[in-house]
Amino acid sequence: MLEMTLCCYYDPRFQPVIRSFAAETARAMGASEREVYEISIAMEEATTHILEHHSAASLDEGFDVICRVTDDGLMFILKNMGLPVDARPLPCYDVERPE
């Protein structure tokens, strides 16, 4: 299994770096431009949530953005020390209908 990790600070200035990491990794693994765009938007939303719920911008602490290449595609994992997101109310992703 191929896995890449980006260690990033709790600082909004690094959000473009995180989006680029996700987008370029997806592009390198054969994602379409629409998929790259959607991954970039999803990564921005997820990292915004993490940054908004962290006490303050900090270069003393960080979180990880992990990309795993699986048999089913790409899996992005954002690993931080904050409270977990309650995924129960979120809709299930349908690979046949990604919109």
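Summary of the structure given here. None of these values were measured; they are calculated from a predicted model.

Looking only at helices and strands, the chain has two helices and three strands in total. When the helices and strands of the chain are placed in sequence order, the string is β-α-α-β-β. Here the chain holds 99 residues, and 25% of them are scored as buried. Partitioning the intrachain contacts of the chain with sequence separation of at least 6 by distance along the chain shows that 66% fall at a separation of at least 24. Of the roughly 7300 Å² of accessible surface on the chain, a fraction of 55% belongs to carbon and sulfur atoms.

A few words on the pattern of salt bridges. Counted under the stated rule, the structure contains five salt bridges. Asp 11 is the salt-bridge partner of Arg 13, the closest N and O atoms lying 2.7 Å from each other. Residues joined in a network through salt bridges with shared partners are Glu 24, Arg 27 and Glu 33.

Right, let's talk about the environment of Leu 78 for a bit. With respect to the helices and strands, Leu 78 occurs in strand E3 (residues 73–79). Since its relative accessible area comes to 25%, Leu 78 is described here as partly exposed. When the C-alpha positions of Leu 78 and Phe 63 are compared, they lie 7.3 Å apart, and in sequence the two are 15 residues distant. Contact partners of Leu 78, with chain neighbours within four places excluded, come to Met 43, Ala 46, Thr 47, Ile 50, Phe 63, Asp 64 and Val 65.

Compared with an ideal rise of 1.5 Å per residue, which puts 14 residues at 20 Å, helix H1 (residues 15–28) spans 20 Å between its outermost C-alpha atoms and is within 8% of the ideal. Listed in full, the buried residues belonging to H1 are Gln 15, Ile 18, Phe 21, Ala 22, Ala 23, Thr 25 and Ala 26. Just beyond H1, the residue with positive phi is Gly 30, at close to 95 degrees.

With respect to the helices and strands, the residue Met 29 is situated in the loop between H1 and helix H2 (33–52). The spacing of Met 29 and Gly 73 is 44 residues in sequence and 8.6 Å in space, taken between C-alpha atoms. In contact with Met 29, not counting residues within four places along its chain, are Leu 2, Val 69 and Leu 74.

Secondary-structure assignment places Asp 11 in the loop between strand E1 (2–10) and H1. According to the relative accessible area criterion, Asp 11 is buried, its value standing at 8%.

The rules behind these values
- Residues numbered from 1 in each chain as written.
- Predicted model: local features only at pLDDT ≥ 70, side-chain atom pairs only at ≥ 80, totals over all residues.
- Heavy atoms only, no water.
- Helix = DSSP H or I, 4+ residues; strand = E, 2+ residues; numbered from the N terminus.
- Buried < 20%, exposed > 50% of the residue type's maximum accessible area, 1.4 Å probe, protein only.
- Contact = heavy atoms within 4.5 Å.
- Areas by Shrake-Rupley, 256 points an atom, 1.4 Å probe, with all protein chains shown as cover.
- Salt bridge = Lys/Arg side-chain N within 4 Å of Asp/Glu carboxyl O.
- Expected span 1.5 Å × (residues − 1).

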